[in-house]
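Structure at a glance
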Amino acid sequence: MKELITTDGARLAYQDTGGEGVPLVMLHGWGQTQAMFRHQVEGLGLGRRVVTVDLRGHGKSGTPRHGHRIARLSRDVLELVDRLGLDRFDALGCSMGVSVWWSFIDQYGTGRIRRFVAVDQPAAVAAVPWMTEREQRDSGAIFDVSGLLYLGAALAGPEGDTVRADFVRGMFSGEPDPEVLAFVAEEIRSTPACAGVPLLFDHCAQDWRDVLPRIDVPTLVIGCEGSHVHPDSQRFVAERIPGARLHVFASDVASSHFPFLENPPAFNAVVEEFLAEEPVRGA
């Protein structure tokens, strides 16, 4: 594990496998860690340089008293790829990691991104009152504002551990693999409420619908029928990004928010096929 100290003093733990070819930079979701990609570092790393990082407040990274918002996390990623000298790379995000990439694109553009993989992230998580019901459905909103406030207060309260465990369980449908469920629950414990709650609020308050049409690199959007994120929201994201393609895993392949953990061979095959494609002539 290597470390980077950001310009505002946060300590980030990251891994860099080295290797040739276009690097793949992968970002995890809220409360999760780079260990979530344990099957992808190896499965997608053959002949490819893979970079993963624990975002601030997560995993083995430090938890400063500041910066727990999506915009700062995307700045952290910029500083990481600058440190590693990555002028051109493929970007993959899962859940909130997608939002960090959307913020990166919004602020710094797509000039350094060759291909982009967005896994199971709604365009907007909170159903704010100024959205129509149709807009709320299309965006994939999971909470209304009062529900978001209640969740944040509960996570920060004395029953926070139980609330967090229930929150994780809600990301799986049916009867999940006990090992996978236990692994996710354990990883999410690494994020203390002092970092996780303000970050979750900031994350859920974002609306990325205006960014999607400005993504001008080949994009693959991945959803999962068994996830708490409705596949229709992923269809909406794919339709808004010019030329994007969509892959939705059927529930008999994976039935949660974590297809990369539930069925690594299927997930890796879909991503590998996309990343390995030759560029279109004249593109």
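Below is a short write-up of the structure. (Residues numbered from 1 in each chain as written. Predicted model: local features only at pLDDT ≥ 70, side-chain atom pairs only at ≥ 80, totals over all residues. Heavy atoms only, no water.)

All right, on to the sheet that holds strand β10 (residues 245-249) then. Note: strands within a sheet are paired through backbone hydrogen bonds, in either parallel or antiparallel orientation. The sheet built from 8 strands is open, its strands ordered β1-β2-β4-β3-β5-β6-β9-β10 with mixed pairing. A strand with exactly one partner marks an edge of an open sheet, and here the two such strands are β1 (2-5) and β10. Going from strand to strand, the sheet's axes swing by 20 degrees on average, the running direction of each strand aside. Relative to strand β2 (residues 11-16), β1 runs antiparallel, the two sharing 4 bridges. The partner of Lys2 across the bridge, within β2, is Tyr14. Docked against the sheet, helix α11 (residues 264-276) engages β3 (24-27), β5 (89-94), β6 (113-119), β9 (219-224) and β10, running at close to 155 degrees with respect to β6. (Pairing = 2+ DSSP bridges. Helix = DSSP H or I, 4+ residues; strand = E, 2+ residues; numbered from the N terminus. Axes fitted to C-alpha atoms, helices over the stretch in contact; angles between N-to-C directions. Contact = heavy atoms within 4.5 Å.)

This part takes up the side chain of Thr110. Tracing the chain through its elements places Thr110 in the loop between α3 (96-108) and β6. Exposure remark for Thr110: the relative accessible area of 12% places this residue in the buried category. There is a polar contact of 2.4 Å between the side chain of Thr110 and the side chain of Asp216. (Buried < 20%, exposed > 50% of the residue type's maximum accessible area, 1.4 Å probe, protein only. Polar contact = N/O pair within 3.5 Å; in protein donor to acceptor, adjacent residues only side chain to side chain.)

Once that is clear, we can look at the pairing of β3. Across the two faces of β3 the burial is the same, with Leu24 and Met26 and Val25 and Leu27 all buried. Pairing analysis gives 3 bridges linking β3 to strand β4 (residues 50-53), with the strands arranged parallel. Across the sheet, the residue bridging to Leu24 is Val50, located in β4.

Attention now moves to the nonpolar core. The biggest cluster of nonpolar side chains holds 87 residues, and the ones touching the most others in it are Trp101 and Phe116. Here Phe116 is in contact with Ala91, Val98, Trp101, Trp102, Ile105, Ile215, Val217, Pro218, Thr219, Leu220 and Phe274, once residues within four sequence places are set aside. (Core = buried A, V, L, I, M, F, W, Y, C linked by side-chain atoms within 4.5 Å.)

By themselves, these are just geometric observations and shouldn't be taken as functional.
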